[in-house]
Amino acid sequence: LSGLVPVADARRAAVREQAFLGTLAGRPVLGTLLATGALERYKDDAGFHVVDLRSIAVQDLLPAHELGILAEAKALLHWHARHGFCANCGAPTTMVCAGFRRDCAACKAQHFPRTDPVAIMLIARGEHCLLGRQSRFAPGMYSCLAGFIEPGETIEDAVRRETLEESGVHVGEVRYLASQPWPFPASLMIGCRGEALSEEIVLDRDELEDGRWFHRDEVALMLDGAHPDGLRGPVRMAIAHHLIRAWVERGA
Ligand SMILES: [Zn+2]
């Protein structure tokens, strides 16, 4: 549970950790990690709305630059919540550097917030692109393939490996297009375009419920919510939506 809490209320609540995130219009911005259950009492308060970050983003409740600050806070506080002890020696750690590092007094190790890179790619071949769906997706929704980048791997190789593993499609040229922090809990989505070298699809059923080639015209209908079978693309706030739209509109 996370949400926007008035400063006075946050001070009264059980604060576990607090990070200084910078200033906004000359005022300090603090990310506050409250004790478990501290927000529960707001749930039934008629004058107050507790809302999670994903809903804030999907419902467009805040301007983009403030969403970025919330993403920063969420990723950082999630890291603090799980790094109270040193990964090297097991002793307790303390927050330093305004919340951007934790130090271990026992072994002197310094621990830094973690970001997990994820390659997300639109794979195209001529007038068709490859989209897939996971069983957890909303009904009818198809999106770009994606996967975590492994240690020692380039972004381009991750695009080729993940696409081959999940769909059996071989990818040649890969281009980086744009990125998006995805603090669920600490990913950085690295958006790419890849050119397919083969067409035959062999799905990894553990990863994908379905995956197939879609014609550019069909994808346009999906993005506009006008597909005759009710198929659709990812939500506007997701980078996948923009990777797909750029291809549909031939901008990239
Ligand atoms: Zn230590």
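Here, the structure is the one placed above.
The following paragraphs examine the structure supplied in this document. Since the structure is predicted, the reported quantities are computational estimates derived from the model, not experimental observations. The residue numbering used here restarts from 1 in each chain and proceeds along that chain's sequence as written. Restriction of local features to residues with pLDDT of at least 70 applies here, the model being predicted, together with a cutoff of 80 or more for giving and counting side-chain atom pairs; totals for whole chains, interfaces and linings are based on all residues. Neither water nor hydrogens contribute to the side-chain values; these are computed over all heavy atoms in the structure.

1. Thoughts on the packing of aromatic side chains
Aromatic ring pairs are reported here in terms of the distance separating the ring centres and the angle at which the planes meet. Just so we agree on the cut-off: Here the aromatic set is Phe, Tyr and Trp, taking the six-membered ring for Trp, and pairing holds for ring centres within 6.5 Å; pairs whose planes are under 30 degrees apart are stacked, those over 60 apart are edge-to-face, and all others are tilted. Runs of H or I in DSSP of at least four residues are treated as helices and runs of E of at least two as strands, each being numbered from the N terminus. Note on exposure labels: buried denotes an accessible area under 20% of the residue type's maximum, exposed denotes more than 50%, and partly exposed covers the range between, all computed with a 1.4 Å probe on protein chains only. Criterion for a charge above a ring: Arg CZ or Lys NZ at most 6 Å from the ring centre, at most 35 degrees from the ring normal.
Under the definition given, this model contains 2 aromatic pairs. Between Y142 and F214, the ring centres sit 5.0 Å apart and the planes meet at 65°, which makes this aromatic pair edge-to-face. Of this pair, Y142 sits in the loop between β7 (128–133) and β8 (145–148) while F214 sits in strand β11 (residues 210–215), placing them 72 residues apart in sequence. On the basis of relative accessibility, which here comes to 7%, the residue Y142 falls in the buried class. When the centroid spacing of 5.1 Å and the interplanar angle of 70° are considered together, the rings of W182 and F184 count as edge-to-face. According to the relative accessible area criterion, W182 is buried, its value standing at 18%. Given the relative accessible area of 23%, F184 is considered partly exposed. Just above the ring of Y142 sits the side chain of R212; from NZ or CZ to the centre is 6.0 Å.

2. Comments concerning the coordination of the zinc ion
Filter applied, for reference: The donor definition counts N, O and S atoms within 2.8 Å of each metal and applies 3.2 Å to Na, K and Ca; water is not among these atoms, so some sites may look incomplete. The rule is simple: four donors are tetrahedral if all their angles sit between 85 and 135 degrees, four are square planar and six octahedral if opposite donors span more than 155 degrees and the others lie between 65 and 115, and anything that fits none of that is irregular.
With distances of 2.3 to 2.4 Å, the protein atoms coordinating the zinc ion are C86 (SG), C89 (SG), C104 (SG) and C107 (SG). With 4 donor atoms in place around the zinc ion and angles of 101 to 115° between them, the coordination shape is tetrahedral. Sequence positions of the donors to the zinc ion reduce to the motif C-x2-C-x14-C-x2-C. With C89 in the loop between α3 (64–81) and β3 (93–96) and C104 in strand β4 (residues 101–104), the pair connects residues that are 15 residues apart, well separated along the chain. Classification of C89 by relative accessible area gives partly exposed; the value is 40%.

3. Section: the packing of helix α5 (residues 216–223) against helix α6 (residues 239–248)
Condition: To get an axis, fit a line to the C-alpha atoms, keeping to the stretch in contact for a helix; angles then go from 0 to 180 degrees between the N-to-C directions. The cut-offs work like this: below 35 degrees is roughly parallel, past 145 is roughly antiparallel, 65 to 115 is roughly perpendicular, and the gaps in between are oblique. Each crossing gets its hand from how the near helix is turned against the far one by less than a right angle, where anticlockwise is left-handed and clockwise is right-handed. The contact criterion used throughout is that any non-hydrogen atoms of two residues lie within 4.5 Å. Classification convention: Asp, Glu, Lys, Arg as charged; Ala, Val, Leu, Ile, Met, Phe, Trp, Tyr, Cys, Pro as nonpolar; all other residues, Gly among them, as polar.
Contact geometry for α5 and α6: axes closest at 10 Å, N-to-C directions at 135°. With respect to α6, the element α5 is oriented oblique. Between α5 and α6 lies a crossing of left-handed hand. Where α5 abuts α6, its residues R216, V219, A220 and L223 lie against H241, I244, R245, W247 and V248. Grouping the constituent residues of the contact of α5 with α6 by class yields 6 nonpolar, 1 polar and 2 charged.

4. Focus: the pattern of salt bridges
So the rule is basically this: Here, a salt bridge means any Lys or Arg side-chain nitrogen found within 4 Å of an Asp or Glu carboxyl oxygen.
Enumeration according to the criterion identifies 16 salt bridges in this entry. Across the pair E199 and R125 runs a salt bridge, and its minimum N-O distance is 2.8 Å. Of this pair, E199 sits in the loop between β10 (187–196) and β11 while R125 sits in strand β6 (residues 116–125); the two residues are 74 residues apart in sequence, bridging distant segments of the chain. A salt bridge links R161 to E153; the shortest N-O distance between them is 2.6 Å. With a relative accessible area of 15%, R161 lands in the buried category. Salt bridges sharing partners connect three or more residues here, namely E150, E153, R161, E162 and E165.

5. Here we look at α6
The α-helix advances 3.6 residues per turn, and as a result positions three or four apart in sequence lie on the same side. Counting buried positions along α6 gives 7 out of 10 residues, so the element sits mostly inside the fold. Within the sequence span of α6, burial applies to I239, A240, H241, L243, I244, W247 and V248. Buried residues along α6 sit in contact with β6, β7, β9 (171–182), β10, β11 and α5. Downstream of α6 by one or two residues, R250 has phi in the positive range, about 60°.

Functional significance is not addressed by these values, which are geometric in nature.
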